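Observations on the three-dimensional arrangement
In case you want the letters, here they are:
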Amino acid sequence: MLNLLAQINTMKKYLLSVLAILPLMVGAQDFYRCYTHEALQHVEASNPGYIDRVNEIFERAKLAEDFNRDEVYTIPVVVHIVYDIDEKNVPDSVVYNQIASLNADFRRLNEDADNVRDTFNTIVGDTHIQFALASIDPEGNPTTGITRTETEVESFFDFATIAEDVKSTADGGIDPWDQEHYLNIWVCDMSIFGFVNILGYATPPDGLDHWPPDATTGLADGVVVQYQAFGANNPVPLEIGAETYEVLGRTLTHEVGHYLGLRHIWGDGDCTEQDGVDDTPNAESQSSQDCDITKNTCVDDIADLGDLPDMVENFMDYSAESCQNSFTHGQIEIMRGVLEVERYELVNGGAEASVEEWNTLAPEIKLYPNPASGPATLIFEETGNYTVNILDETGKLIQTYRTNNEINQLTLDGLSKGFYMIQISSLEGIRTEKFIVQ
Ligand SMILES: [Zn+2]
């Protein structure tokens, strides 16, 4: 009897979710690119005042004094893969690729960065925020920064809980690692009857102390991504209805933007709603996978620039991943403000991330002479598209080049004597090596 009741309850719960979601599945393209806005409203219903708190934090982040604009913050990451069948057990190679493209997007090392329209050139930039898989777990043991949990749960989506069960061992998922010190990313299935429903959702910064992992009124801190939308080299295609969508890893870029305090560029409303960022052009609505560069749906008054077209290049829009390539300076300031206040412990809390290990993923380079007193030669072991950054001892970016040549001459013009780092980035990873100018 108990069993039967439990079964009926589960069915009811399931039916409820299906009914609520059914209208969304009518058109092939109807799915949630991101559920963060809806998730906040969901929490607000049971936890009044929550959205006000998130807004307060957002305003405070804007005011945070960013003394160290060029300091590179590294966020330790743990990726939790939760699967019931093999195709959801996303391989390590996909995780590495996803972290590499997350880094490329945040450091403006993405190969398509130059595709941004000239009109936005002066407002886009490098966040100086990067990500590395954790090398030490919360107990102090060495780790790959990837956990794998086999589960009985086919799909974690539930209208009552979104997909919060994936964040709980007791509910078939896996408990988060200490959220003050690690960015937790869960990769799982949130589909409904096999239909992809939500690509991802994230928690913006809130009073983190008040969010125990088993919190029932709030969302457990972190990011959740639908498994097919994770990693550009994911062997499982992202198919929704009859369409196959190109995945470039930008669901995670977008969700981490929310996690670091950003809102959707159209302000989740019409032209009267703003995203709270001064330099992002407003839009009447999200761009629904569209990359239409002729659209200018709202009148803006952006300092020195006035009215700008809708910015489909922005990671916080819903444009197709292939036309997204940029964060703006205003967005960057908010994310850095969050890391300096609300999520301070994340980059100053001493959790170790495997930056060194990460380095081994990018192809080998040869740089000679080293020490150098004039031009130097840089040789890549493999051909590819590379971004070459020269950083000073403090990590400040001094010069940047893009190349697909195997052999490159670096003039090292204008570098005074001292220690430098050369950072090579491709979609395979980032490699940083020291060199000396004498
Ligand atoms: Zn979103």
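1. Here's the deal with the overall build of the chain
Across its full length, the chain holds eight helices and 15 strands. Going through the 438 residues of the chain one by one, you find that 54% of them count as buried. Sequence-distant contacts, at least 24 apart, represent 69% of the contacts inside the chain between residues at least 6 apart.

2. Some words on the coordination of the zinc ion
Protein-derived coordination of the zinc ion comes from Cys-34 (SG), His-254 (NE2), His-258 (NE2) and His-264 (NE2), at a distance range of 2.0 to 2.1 Å. In the primary structure, the donors to the zinc ion are separated according to the pattern C-x219-H-x3-H-x5-H. Residue His-254 is located in helix α5 (residues 250-259), and its partner His-264 is located in the loop between α5 and α6 (329-340); the two are separated by 10 residues in the primary sequence. Per residue, the accessibility class of His-254 equals that of His-264, and both read buried.

3. Side note on helix α4 (residues 92-106)
Between its first and last C-alpha, α4 extends 21 Å over 15 residues, near the 21 Å set by a 1.5 Å rise per residue. Counting buried positions over the 15 residues of α4 gives 12, a clear majority of the element. One or two residues past the end of α4 sits Arg-108, with phi positive at roughly 55°.

4. A few points about unusual backbone geometry
Residue Pro-369 follows Tyr-368 across a cis peptide bond; omega there is -10°. Position of Pro-369 relative to the elements: it lies in the loop between β9 (365-368) and β10 (376-380). In this structure, the amide linkage connecting Asn-370 to the following residue, Pro-371, adopts the cis form with an omega of 5°. For Pro-371, the location among the structural elements is in the loop between β9 and β10. The phi dihedral of Asp-268 is positive, around 55°, even though this residue is not glycine. Considering the arrangement of structural elements, one finds Asp-268 in the loop between α5 and α6. Positioned with a positive phi, Ser-288 is a non-glycine residue whose angle comes to about 45°.

Parameters at a glance
Residues numbered from 1 in each chain as written. Predicted model: local features only at pLDDT ≥ 70, side-chain atom pairs only at ≥ 80, totals over all residues. Heavy atoms only, no water. Helix = DSSP H or I, 4+ residues; strand = E, 2+ residues; numbered from the N terminus. Buried < 20%, exposed > 50% of the residue type's maximum accessible area, 1.4 Å probe, protein only. Contact = heavy atoms within 4.5 Å. Donors = N, O, S within 2.8 Å, 3.2 Å for Na, K, Ca; no water. Expected span 1.5 Å × (residues − 1).

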